[in-house]
Amino acid sequence: MRKGIHPDYRPVVFPDPGADFAFLTRSTMTGTKTIEWEDGDTYPVVDVSSAGHPFYTGRSRVLDAAGRVERFNQRYGRN
């Protein structure tokens, strides 16, 4: 890995007040606020988490898998 071109990788806290949940992990993201964690150390807070961010809601699209398989079989002659 080349030195000096990668962002710092540091411990941060991801809280979600709506879900009353927070976790400590490592990230390249930075936060302006800080919080004292359970271990007594102070960490920056990043205000995006998987529990509350709309991208990570866990909802998935239902794909028409049967229709795709049938089209594949029709195209490539599998009977």
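Up top is the structure these notes are about.
Within each chain, residues carry numbers counting from 1 in the order of the written sequence. For this predicted model, a pLDDT threshold of at least 70 governs which residues receive local features, and a threshold of 80 or more governs which side-chain atom pairs are given and counted, while totals over whole chains, interfaces and linings are taken from all residues. Side-chain numbers come from the whole structure's heavy atoms, not from hydrogens or water.

Draft legend 1. Representation of the overall build of the protein chain within the structure. The helix and strand labels rest on DSSP assignments: H or I over at least four residues marks a helix, E over at least two residues marks a strand, and numbering proceeds from the N terminus. Secondary structure assignment for the protein chain yields one helix and four strands. Secondary structure elements of the protein chain, listed N to C terminal, follow the sequence β-β-β-β-α. We call two residues in contact when some of their heavy atoms are within 4.5 Å. In the protein chain, the proportion of contacts linking residues at least 24 apart, taken out of those at least 6 apart, comes to 28%. Each accessible area value is a Shrake-Rupley result obtained with a 1.4 Å probe; residue values ignore everything except the protein chains displayed when judging cover. For the protein chain, the accessible surface area stands at approximately 7,000 Å², while carbon and sulfur atoms represent 50% of it.

Draft legend 2. Representation of the packing of aromatic side chains within the structure. Classification of ring pairs rests on two measures: the distance between centres of Phe, Tyr or Trp rings, Trp counted by its six-membered ring, which must be within 6.5 Å, and the angle between planes, read as stacked under 30 degrees, edge-to-face over 60 and tilted in between. Tallied over the full model, the rule gives three aromatic pairs. Summarising the aromatic geometry, the rings of Phe 21 and Phe 23 are spaced 5.8 Å apart at their centres and angled 45° between planes, so their arrangement reads as tilted. For the ring pair Phe 72 and Tyr 76, a centre distance of 4.9 Å and an interplane angle of 45° mean the geometry is tilted. Linking Phe 72 with Tyr 76, this pair stays in helix H1 (residues 65-76), spanning four residues, or about one helical turn. When a residue's accessible area, from a 1.4 Å probe over protein chains only, is under 20% of the maximum for its type it is buried; when over 50% it is exposed; and in between it is partly exposed. Judged by its relative accessible area of 45%, Phe 72 is partly exposed. Overall, the relative accessible area of 58% leaves Tyr 76 in the exposed class. Taken together, the ring pairs in this structure connect Phe 14, Phe 21 and Phe 23 into an aromatic cluster.

Draft legend 3. Summary view of the pairing of strand E1 (residues 10-16). Strand pairing follows a simple DSSP-based rule, namely that at least 2 bridges must link the two strands. Note that E1 and strand E2 (residues 21-27) share seven bridges and pair antiparallel. Within the sheet, the bridge partner assigned to Pro 11 lies in E2 and is Arg 26. The hairpin turn running from E1 into E2, its antiparallel successor, is four residues long, and Asp 20 in that turn takes a positive phi close to 50°.

Draft legend 4. Quick peek at the side chain of Ser 27. Mapped onto the elements, Ser 27 comes out in strand E2. Taking the relative accessible area as the measure of exposure, Ser 27 reaches 11% and is therefore buried. Other than its neighbours up to four places away in sequence, Ser 27 contacts Asp 8, Tyr 9, Arg 10, Val 12 and Phe 14.

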